[in-house]
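Residues per chain are reported as follows:
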Amino acid sequence: MTVLDRLGASAWTSTPFRLAALSIAAFLITAAGIVGFLFWQTNNLLTEQVLSGLRAEVQEMRHIEAAAGSASVAEAVKARARPEGPGLYFFADRTGRKRAGNLSRLPPELEGEGGGTFRYERQAGDQRLAVALPVLFPDGTRLLVGRDIEEQRVFANRMRTVFLLGFSLLSVAGLAGGLGAGRLLLNRIDQINAASRSIMAGDLTQRVPLAGSNDELDGLAQNLNMMLDRIEQLMSGLREVSDNIAHDLKTPLSRLRNRAEATLRDGGDCDAYRAGLERIIEEADELIKTFNAMLLVARLEAGALEGSTEAFDLGSLVRDVAEFYEPVLDEQGLELTVDVGDGPEIIANRHLVSQAVANLIDNAIKYGRPDAAGGAGKISVSLRPLNHVVEIIVADRGPGISADDRERALKRFVRLEASRTKPGTGLGLSLVSAVARLHHGTVRLEDNAPGLRAVLVLPLARQGTSA
Amino acid sequence: MQDAIDESSRVDAAAGRPTSMRVLVIEDDRETAQFLQKSLKESGHAADLAGDGETGLSLAETGVYDVLIVDRMLPKLDGLSVVKTLRTGGVRTPVLILSALGDVDDRVKGLRAGGDDYLTKPYAYTELLARIEALSRRAVPEEQVTKYVVGDLVLDRLSHRVTRGGEPIILQPREYRLLEYLMKNAGQVVTRTMLLENVWDYHFDPQTNVIDVHVSRLRSKIDKNFEKPLLHTVRGAGYMVRDGAG
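Residues numbered from 1 in each chain as written. Chains lettered and ligands numbered in written order. Predicted model: local features only at pLDDT ≥ 70, side-chain atom pairs only at ≥ 80, totals over all residues. Heavy atoms only, no water.

Undergrad: How do you make sense of the interface of chain A and chain B when you look at a structure like this?
TA: The figure often quoted for interface size is the accessible area lost as the parts come together. The interface is formed by 34 residues belonging to chain A together with 30 residues belonging to chain B. Interface of chain A and chain B: buried area, both sides summed, is about 2900 Å²; carbon and sulfur atoms make up 53% of it. Run the count over chain A and chain B and you get four salt bridges. Between Arg350 of chain A and Asp201 of chain B there is a salt bridge whose closest N-O contact spans 3.2 Å. The interface formed by chain A and chain B holds four residue pairs in polar contact (both at pLDDT 80 or more) in total. Elements represented by at least two residues in the side of chain A that touches chain B include exactly α5 (270-302), α6 (314-331) and α7 (350-367) of chain A. Ranked by residue count, the leading element in the side of chain A that touches chain B is α5 of chain A, at eleven residues. Considered class by class, the residues forming the side of chain A that touches chain B number ten nonpolar, ten polar and 14 charged. (Contact = heavy atoms within 4.5 Å. Buried area = accessible area lost by both parts, 1.4 Å probe. Salt bridge = Lys/Arg side-chain N within 4 Å of Asp/Glu carboxyl O. Polar contact = N/O pair within 3.5 Å; in protein donor to acceptor, adjacent residues only side chain to side chain. Helix = DSSP H or I, 4+ residues; strand = E, 2+ residues; numbered from the N terminus. Nonpolar A, V, L, I, M, F, W, Y, C, P; charged D, E, K, R; others polar.)

Undergrad: Would you take a moment to explain the packing of aromatic side chains for this structure?
TA: Aromatic ring pairs are reported here in terms of the distance separating the ring centres and the angle at which the planes meet. Residues and elements named next belong to chain A. As enumerated under the stated definition, the model contains eight aromatic pairs over all chains in all. Ring centres of Phe91 and Phe137 lie 6.2 Å apart, and the angle between their planes is 70 degrees; this geometry places the pair in the edge-to-face category. Of this pair, Phe91 sits in strand β1 (residues 87-92) while Phe137 sits in the loop between β4 (127-136) and β5 (142-148), placing them 46 residues apart in sequence. Each member of the pair, Phe91 as well as Phe137, carries the same accessibility label: buried. (Phe/Tyr/Trp six-rings, centres within 6.5 Å; stacked < 30°, edge-to-face > 60°. Buried < 20%, exposed > 50% of the residue type's maximum accessible area, 1.4 Å probe, protein only.)

Undergrad: Is there a simple way to explain unusual backbone geometry in this structure?
TA: Among all residues save glycine, negative phi is the norm, and among peptide bonds the norm is trans. Residue and element names in this part refer to chain B. A positive phi is found at His160, a non-glycine position, where the angle reads about 60 degrees. By the element assignment, His160 lies in the loop between β7 (153-156) and β8 (161-164). The residue Asp201 is not glycine, and still its phi comes out positive at about 60 degrees. Summarising the element assignment, Asp201 is placed in the loop between α8 (192-199) and α9 (210-222). Classification of Asp201 as partly exposed rests on a relative accessible area of 31%.

Written as structure tokens, this is what we have:
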């Protein structure tokens, strides 16, 4: 296949080219119509001019004949017929013999009664076109009054040639232009297509190139690129989530397997086996917990609150949860300050809010211990009602979370490195964040200098609305 | 995980079971059903199986069972409808609903339909066993019991007073409710989740060993100065209040 063939083939099947060809065809047909009409009108006008001249002259000859007979007609013809002039005459007697005139013979085309166009020879080899009207006088003599219209014919011919040439040029130029424009457009579209194909093949980092012309195609390419950015984000989010899930389930699974293997290998008495199996069950329970936590987060992400909300006193809920954890804090030598009064009343899913607050406190217990020399750990739980929201604040004096990691810590199924070595699913903050989102609230992680301050923001129930 | 006190009071999970129960398992997954049947048999209970809601309903309507285990998703008739129909027909057999759906409102729906307890899959068999054993006890209306007695430990539900060997024991309100629940199910394993749900009304996993710490606090109050421990840790399952370590 030659380049031209390919060009042609792709051109014929391409939309821009077909559009260009169609518009050129429409343009040419219209132009031909207009020019044709003009040509026809001009021709008519010229012919009419010649014919009316002829008719006047015929009338004049009839008058001469009526007044002075055919002899004076012959005189008049002799006076008017110049050898090279535009006026052509042929005056014949009853038998058809020439009496006067500058035409050598009666043209064969005009043997009959009517007038019309005919060809005559002015000089040897000079064939010219003419038009003539015949007059038959009462005494049987015949006069033919004609005009030479060779010049008009040549003019018309030339016009036709010019028009044809013009149209051909226009068609060629138009088609070439359409093909070029189409090709240009096709190139851009091909680029977009090529980029799409390699993206579909899995290279999500690829982007559609911009021509920098800020035209509609650039706009399209920009939108496509933005769409790709979003897809890449979602894909990497999904990949991260599945990686995290795989990691979080694989690690305990392989631990479980190792325990089972170790129990088998070490052998021993019944008690040793029993102890091994008990540890395996514990491990499996941990696995189930992790799995349940993941399911819950996934369900919260996809779920809606409808039907599961109730009005309750947030202050007493937070106090209860803090009190629930108090023995653990006590046991671990952490100091707990709970600065929470009664209220405000909010409308929310009580169980999920309990769980979120529990997770925040649990998190503070696990990570809120100061580094070796830091002295006693302190965890404070407080509640701050603002205008339309209420903030539940759990602050610790631990090492905190670096600013870069804070946002990540709230993402779905993300466990920061630190959490992988601690007991628990490590999904606590993911869950808090999911609960907040479900309630149209937010979670902020702030620097407590030192330590971490987690703020769960929940909207206050608006008057007259119930969820 | 647990300290020395637990070690000394460790008991076998299979020991001290209450009298044998007759259980109906309505579950469409054959393998799960057979696992349950076998496990229940090993725990000293008899189990019948039903593979769909209609069969399960007609078996349950005979009223010969102590506990029903009903899966939520069943062919022909779903689990909640089975329970609703039973309750409408006056069958009061305690029901444990099993479900892959674990949202709090799913649980509420299950209990509203007439279920007595709700367990989310995947679950540990020990958890299921502890729950149905607790359920079978529910046949006795608890409001009528004014006093729980285990050995020399007495909990008076009217005066909210607890004594051991005649000596008063001072408990925090939450500790009192914890002991009350444990004593109500005396002789039976009570799992951490059961304590969490029934004493605190929390339906989540607290991740740390909070329950253990609460129990060990309670234990230090009721067992510390006495020779014979009453509050035992059951490895891999939970806790049990029982007279005599077997």
